[in-house]
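Here is what each chain is made of, one letter per residue.
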Amino acid sequence: MFPTIISNEQQTTFEFESPEASSFHDPIVSLASQVIRTFFGKIVQTVADSLQVHGAVTLPHLIQHLRRNEDVELSIKQIRAALLVLLQHNLVGAHKNHGKLLYSFQPRHAIPIMRYPKFVEFIKKAVDATAASIVQELAVYGRLRTVDLTVMAAEHAKKKKKYTARQSVLEA
């Protein structure tokens, strides 16, 4: 879980890896892992990486895999919360197989997360600030009911929160 500094003559990068990430050879999966770490934190990244390594698994099997790893010290509550975040943002799919609910990581869904601030800025310029606040709420909370989204957008309109830079979107 310690950051690694990779350096060569052309560039230096700073990477974070979870204990499960060492087995990735696909650059899309590695990038997805880094994006999840950046936007959701190391606990969510560790759960996503475990799902990637072990494939479609049930919640008890996921907990068992994570608890077996000596480098990971996560409670069941933390694992469930991280899985919920991944489900909420459509980064994990759930399907039934022989009556059991299986969870599987979808790394290609994580790549657009890097562009969410750009999407919000574009919507603000192309449509208006209210539409930008709706897109921002969806980016922050993942799936939302229409009623909840409308209430949150109305609260933003009352506050008249202005979007001046991409950084302000990231901070919200």
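**Q** Sorry, what's going on with the overall build of the protein here?
**A** When helices and strands are counted, the protein shows 8 helices and 4 strands. Reading the protein from its N end, one meets helices and strands in the order β-β-α-α-α-α-β-β-α-α-α-α. In the protein, buried positions account for 35% of the 172 residues. Contacts in the protein between residues far apart in sequence, at least 24 positions, make up 51% of those at least 6 positions apart. Accessible surface, the protein as shown: approximately 10900 Å² in total, 55% of it carbon and sulfur.

**Q** Help me understand the nonpolar core in this model?
**A** Note that soluble globular proteins tend to have their nonpolar side chains buried in a common cluster. In this structure, Ile 36, Val 47, Leu 51, Leu 62, Leu 86 and Phe 105 are the most contacted members of the largest nonpolar core, which totals 24 residues. Of all the elements in the fold, those that place two or more residues in this core are α1 (27–40), α2 (42–54), α3 (59–68), α4 (76–88) and β4 (100–105). Filtering out sequence-adjacent residues up to four positions away, Phe 105 remains in contact with Ala 32, Ile 36, Ala 48, Leu 51, Gln 52, Leu 91 and Val 92.

**Q** Explanation requested: the packing of aromatic side chains in the structure shown.
**A** Given two aromatic rings, their pairing is described by the distance between the two centres and the angle made by the two planes. This model, assessed by the stated rule, comprises 1 aromatic pair. Measuring from ring centre to ring centre gives 6.1 Å for Tyr 116 and Phe 119, while their planes differ by 45°; the resulting arrangement is tilted. Of this pair, Tyr 116 and Phe 119 both sit in helix α5 (residues 116–126), 3 residues apart, roughly one helical turn. By relative accessible area, which is 25% here, Tyr 116 ends up partly exposed.

**Q** How should the pairing of strand β3 (residues 92–97) be read in this particular structure?
**A** Looking along a regular strand, one sees the side chains alternate between the two faces of the sheet. Sheet topology places β3 next to β4; 6 bridges connect them, and they run antiparallel. Paired with Ala 94 across the bridge in β4 is Tyr 103. With antiparallel pairing between neighbouring strands as the criterion, β3 and β4 make up a hairpin whose turn holds 2 residues, including His 98 at a positive phi of roughly 55°.

**Q** Help me understand the environment of His 61, please; the structure alone is not making it clear to me.
**A** Mapped onto the secondary structure, His 61 falls in helix α3. Residue classification places His 61 among the partly exposed positions, given a relative accessible area of 37%. Sequence separation between His 61 and Leu 102 is 41 residues, and the spatial gap between their C-alpha atoms is 9.6 Å. For His 61, the side chain forms a polar contact with the side chain of Thr 58, separated by 2.7 Å.

**Q** It is not clear to me how the pattern of salt bridges should be interpreted in this structure. Could you clarify?
**A** One side chain can pair with another of opposite charge once the charged atoms of both are near each other. A full pass over the atoms with the stated rule returns 1 salt bridge. Salt-bridge contacts for Arg 145 lead to Asp 148; the nearest nitrogen and oxygen are separated by 3.1 Å.

**Q** For this particular structure, what's the right way to read the environment of Ala 129?
**A** Within the secondary structure layout, Ala 129 lies in helix α6 (residues 129–141). Since its relative accessible area comes to 38%, Ala 129 is described here as partly exposed. The spatial distance from the C-alpha of Ala 129 to the C-alpha of Ala 153 is 9.7 Å, given a sequence separation of 24 residues.

**Q** Even after reading the chapter, I still don't get unusual backbone geometry, so can you show me in this structure?
**A** What is expected of a backbone is that most residues other than glycine have negative phi and most peptide bonds are trans. A positive phi is found at Asn 90, a non-glycine position, where the angle reads about 60°. Within the element layout of this structure, Asn 90 appears in the loop between α4 and β3. Assessed through its relative accessible area of 32%, Asn 90 is described here as partly exposed. Phi angles above zero are rare outside glycine, and His 98 is one such case at about 55°. Locating His 98 in the fold gives a position in the loop between β3 and β4.

Calculation notes
Residues numbered from 1 in each chain as written. Predicted model: local features only at pLDDT ≥ 70, side-chain atom pairs only at ≥ 80, totals over all residues. Heavy atoms only, no water. Helix = DSSP H or I, 4+ residues; strand = E, 2+ residues; numbered from the N terminus. Buried < 20%, exposed > 50% of the residue type's maximum accessible area, 1.4 Å probe, protein only. Contact = heavy atoms within 4.5 Å. Areas by Shrake-Rupley, 256 points an atom, 1.4 Å probe, with all protein chains shown as cover. Core = buried A, V, L, I, M, F, W, Y, C linked by side-chain atoms within 4.5 Å. Phe/Tyr/Trp six-rings, centres within 6.5 Å; stacked < 30°, edge-to-face > 60°. Pairing = 2+ DSSP bridges. Polar contact = N/O pair within 3.5 Å; in protein donor to acceptor, adjacent residues only side chain to side chain. Salt bridge = Lys/Arg side-chain N within 4 Å of Asp/Glu carboxyl O.

That is the geometry; function is a separate question.
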